[in-house]
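Overview (structure and organization)
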Amino acid sequence: MIISPKTLYDILLNTFGQQHWWPIDEKYHLEQNSDPRFEIIVGAFLTQNTAWTNVEKALNNLKRQKALTIHKIAHIKDKSLKTMIQPSGFFNQKAKRLKLFSTYMEKKYKGDLQKLFSQETSEIRHELLSLKGVGLETADSILLYAGNHAVFVVDSYTKRISQRFPFLISSTSYEEIQIFFENELASTISKKEIVSAYREFHALLVKLAKEYCWKDKPNCTICPLTTLCKKCL
Ligand code: SF4
């Protein structure tokens, strides 16, 4: 039995409900008159190799110091930035990457994210990937959640579930998995709804992986997908 990504998406949505990703503090940005998209970008850098709970602590530190803007991060002292983002781990490396991104954005776009995101998806992706510390998952998370561009994010959870579920794909390559999901979903979801579907689907796959489909010992006996899953058939 082969299952399509759209069928899995519908089941996950019915089972878990909407996840409303990416989580941002809208109240903070209203009060500070700051761009909430930058919080998503900072989160995308900070979440590399760490749990989201640690990212939240780092983001809260940045908010407490009112430092969650491109201008502030571009000009803040390295030591202060490192201290603020310390809870997210790898803080020396991440501080450098955030500084580099913010300085670049300030120089090239005068800190205006709209200028970046108003370009063609492939151009922005290419540009993001040319920056140090921006890999495929980070670039695509930024494009989808901050830039509103229709790009399917593939992370380790998506790869794991793609291997365990009876999909018509066996590749573990980022690009091949991405093309597979994008082609399958684009044929069943309208263009108007595709960005929100990509966002929800990614969040739902993360939820499935975190709650049931663990790396070493998946909790198949209580997983809501047991009767459909290749691993259990
Ligand atoms: S049934 Fe098991 S392997 Fe399949 S998705 Fe659920 S937890 Fe993962």
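Each chain has its residues counted from 1, following the order in which its sequence is written. With the structure being a predicted model, the display of local features is reserved for residues of pLDDT at least 70 and the display and counting of side-chain atom pairs for 80 or more, all residues being used for whole-chain, interface and lining totals. Side-chain metrics rest on all non-hydrogen atoms present in the structure, leaving aside hydrogens and water.

1. Quick notes on helix α10 (residues 136-146)
Exposure categories follow from relative accessible area, calculated using a 1.4 Å probe and restricted to protein chains: below 20% of the type maximum is buried, above 50% is exposed, and the middle band is partly exposed. Counting from the N terminus, the helices are DSSP H or I runs at least four residues long and the strands are E runs at least two residues long. Across the 11 residues that make up α10, a large majority, 9, are buried. All buried positions along α10 are accounted for by T138, A139, D140, S141, I142, L143, L144, Y145 and A146. Residues of α10 that are buried sit in contact with α3 (36-46), α8 (113-117), α9 (121-129), α12 (174-186) and α13 (191-211). In the stretch just after α10, N148 is the one whose phi turns positive, near 65°. A contact between two residues is defined here by any heavy atoms of the two lying within 4.5 Å.

2. A few points about the site of the ligand
The full set of residues close to the ligand is R164, Y212, C213, P218, C220, C223, T226, C229, K231 and C232. Taken together, the residues that form the shell around the ligand break down as 7 nonpolar, 1 polar and 2 charged. If even one non-hydrogen atom of a residue comes within 4 Å of a molecule or strand, that residue is called near it. All amino acids are sorted into three groups, where Ala, Val, Leu, Ile, Met, Phe, Trp, Tyr, Cys and Pro are nonpolar, Asp, Glu, Lys and Arg are charged, and the leftover types, Gly among them, are polar.

3. Considerations on the domain arrangement of the protein
For the purposes of this description, domain bounds are those given by an automatic or database domain assignment. Per the domain assignment, the segments of the protein are domain 1 (5-20 + 152-211) and domain 2 (34-146). Taken together, the contact between domain 1 and domain 2 spans 12 residues of the former and 7 residues of the latter. Once two parts are joined, some of their accessible surface, as seen by a 1.4 Å probe, is lost; buried area is that loss totalled over both. Between domain 1 and domain 2, a total of about 850 Å² is buried, with carbon and sulfur atoms accounting for 58% of that surface. Within this document, salt bridges are pairs made up of a side-chain nitrogen of Lys or Arg and a carboxyl oxygen of Asp or Glu, the two lying within 4 Å of each other. At the junction of domain 1 and domain 2, the tally comes to 1 salt bridge. A 3.5 Å cut-off defines polar contacts: any pair of N or O atoms within that distance qualifies, except that in protein one atom must be a possible hydrogen donor and the other a possible acceptor, and neighbouring residues in sequence count only when both atoms are side-chain atoms. In this assembly, domain 1 and domain 2 are joined by 6 residue pairs in polar contact (both at pLDDT 80 or more). Element by element, the count of residues in the side of domain 1 that touches domain 2 is highest for α13, at 5 residues.

4. Comments concerning the packing of aromatic side chains
To pair, rings of Phe, Tyr and Trp, with the six-membered ring standing in for Trp, must have centres within 6.5 Å; the planes then decide the type, stacked if under 30 degrees apart, edge-to-face if over 60, and tilted in the middle. For the coordinates displayed, the defined rule picks out 15 aromatic pairs. Their ring planes at 85° and their centres at 5.5 Å tell us that F152 and Y198 sit as a pair that is edge-to-face. A residue pair is termed long-range when its members are at least 10 positions apart, and F152 in the loop between α10 and α11 (156-164) and Y198 in helix α13 qualify at 46 residues. Y198 matches F152 in its accessibility class, with the two residues each being buried. Arranged with centres 5.6 Å apart and planes meeting at 80°, the rings of F180 and F181 form a pair that is edge-to-face. Three or more aromatic residues joined by ring pairs make a cluster, and in this case those are Y9, F152, F165, F167, F180, F181, Y198 and F201.

5. Comments concerning α12
Between the first and last residue of a helix there are one fewer steps than residues, each counted as 1.5 Å, and that sum is the expected span. Its 13 residues give α12 an end-to-end C-alpha distance of 18 Å, which sits within 8% of 18 Å, the value for a rise of 1.5 Å per residue. Of the positions making up α12, those classed as buried are Y174, I177, Q178, F180, F181 and L185. The buried residues of α12 occupy an angular sector of 160° when projected down its axis, which confines them to one face. Those residues of α12 that are buried are in contact with α1 (5-16), α9, α10, α11 and α13. Here the arc refers to the set of directions running from the helix axis out to each C-beta atom.

6. Quick word on the pattern of salt bridges
Between side chains of opposite charge, a pair can form as their charged atoms come close. Per the counting criterion, the structure on display carries 10 salt bridges. Between D35 and R37 there is a salt bridge, with its nearest N and O atoms 3.0 Å apart. Across the pair D140 and R125 runs a salt bridge whose closest N-O atoms are separated by 2.7 Å. Of the two residues, D140 sits in helix α10 while R125 sits in helix α9, which places them 15 residues apart along the sequence. Per residue, the accessibility class of D140 equals that of R125, and both read buried. Taken together, the shared-partner salt bridges in this structure form one network comprising D25, E39 and K63.

7. A few points about the environment of D25
By the element assignment, D25 lies in the loop between α1 and α2 (26-32). For D25 and N60, which are 35 residues apart along the polypeptide, the C-alpha to C-alpha distance reads 9.7 Å. Not counting residues up to four positions away in its chain, the partners in contact with D25 are E39 and K63. Reaching out from D25, the side chain makes a polar contact with the backbone nitrogen of Y28 at a distance of 3.1 Å. Of note is the side chain of D25, whose polar atom sits 3.4 Å from the side chain of K63.

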